[in-house]
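Overview (structure and organization)
Residue strings, one per chain:
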Amino acid sequence: SGGDEVSQLNAEATSATTSNVGGIASSLLSSTVEEQRRATGRHLEFLTGASLHLRGKRAYCGHLQKMCRHMAQEAQEGQLREICDQLLQGGSGGEADTQENACILGIPKRKILKTIVLPAIASVRNMQRLVSEYIDL
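Rules and cut-offs
- Residues numbered from 1 in each chain as written.
- Predicted model: local features only at pLDDT ≥ 70, side-chain atom pairs only at ≥ 80, totals over all residues.
- Heavy atoms only, no water.
- Helix = DSSP H or I, 4+ residues; strand = E, 2+ residues; numbered from the N terminus.
- Contact = heavy atoms within 4.5 Å.
- Expected span 1.5 Å × (residues − 1).
- Buried < 20%, exposed > 50% of the residue type's maximum accessible area, 1.4 Å probe, protein only.
- Arc of directions from axis to C-beta.
- Axes fitted to C-alpha atoms, helices over the stretch in contact; angles between N-to-C directions.
- Parallel < 35°, antiparallel > 145°, perpendicular 65-115°, else oblique.
- Left-handed = near helix turned anticlockwise from the far one by under 90°.
- Nonpolar A, V, L, I, M, F, W, Y, C, P; charged D, E, K, R; others polar.
- Core = buried A, V, L, I, M, F, W, Y, C linked by side-chain atoms within 4.5 Å.
- pLDDT = per-residue confidence, 0-100.

Okay, the side chain of T48 next. Summarising the element assignment, T48 is placed in helix α2 (residues 33–53). Dropping the residues within four chain positions of it, T48 is found in contact with Y60, H63, L64 and M67.

Below, the structure written as structure tokens:
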């Protein structure tokens, strides 16, 4: 009788797991393109933040570039301006600047802007005006 109970619990657990996996797959397939794009953006933002937290320079730069390209493709100009403005802060070389304010993971913020962020944004034609505003700063 104890074995029957265990068998029944195993069968119920297997059934619940199988139906849940199917539910997740069908929900992914039934989501709209807009929902998938938003999920992609959130995922890239998470990866960028995680790589920064884990202090991975190469991963951070790669994820930041992908995130900025995605934002440019989605015409998220306000968020891209925010990123560019943050990279301009603390990198002017003035006395108030500290190494911590002027760099991210030991990379100068302006270098990140010019070599990673702006080229990613420039890959999208509709964002050329935004790039031209920041390229000479």
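Once that is clear, we can look at α2. Taking 1.5 Å per residue, 21 residues should reach 30 Å; α2 reaches 30 Å between its end C-alpha atoms and fits that length. Turning to α2, its buried residues are G41, L44, T48 and S51. Along the long axis of α2, the arc covered by the buried residues comes to 100 degrees, so they all point the same way. Exposed residues pointing more than 90 degrees away from the buried face of α2 are listed as R42, F46 and H53. Contact partners of the buried residues in α2: α3 (57–73). Note on α2: the residue one or two positions beyond its end, R55, has a positive phi of about 65 degrees.

Two elements in contact, α2 and α3, have axes separated by 8 Å at closest approach and are oriented at 155 degrees. Between α2 and α3, the crossing angle belongs to the class labelled roughly antiparallel. Relative to α3, the crossing made by α2 is left-handed. Residues R37, T40, G41, L44, E45, L47, T48, S51 and L52 of α2 pack against A59, Y60, H63, L64, K66, M67 and H70 of α3. Its residues placed into classes, the contact of α2 with α3 shows seven nonpolar, six polar and three charged.

This part covers the nonpolar core. Counting 28 residues, the largest nonpolar core has L64, C68, L80, I112, V117 and I121 as its most contacted members. Dropping the residues within four chain positions of it, I121 is found in contact with C68, A72, L80, C84, M127, L130 and V131.

Counting all residues, the mean pLDDT for the chain is 81, and 76% of those residues have values of 70 or more. Mean pLDDT values over the elements of the chain span from 65, in helix α1 (residues 2–30), up to 94, in strand β2 (residues 107–108).

With glycine set apart, most residues show a phi of negative sign, and most peptide bonds adopt trans. Positive phi, close to 65 degrees, is recorded for R55, a residue that is not glycine. Along the chain, R55 falls in the loop between α2 and α3. Looking at R55, the relative accessible area reads 59%, which means it is exposed. Located in the positive-phi region is A75, a residue other than glycine, with phi close to 55 degrees.

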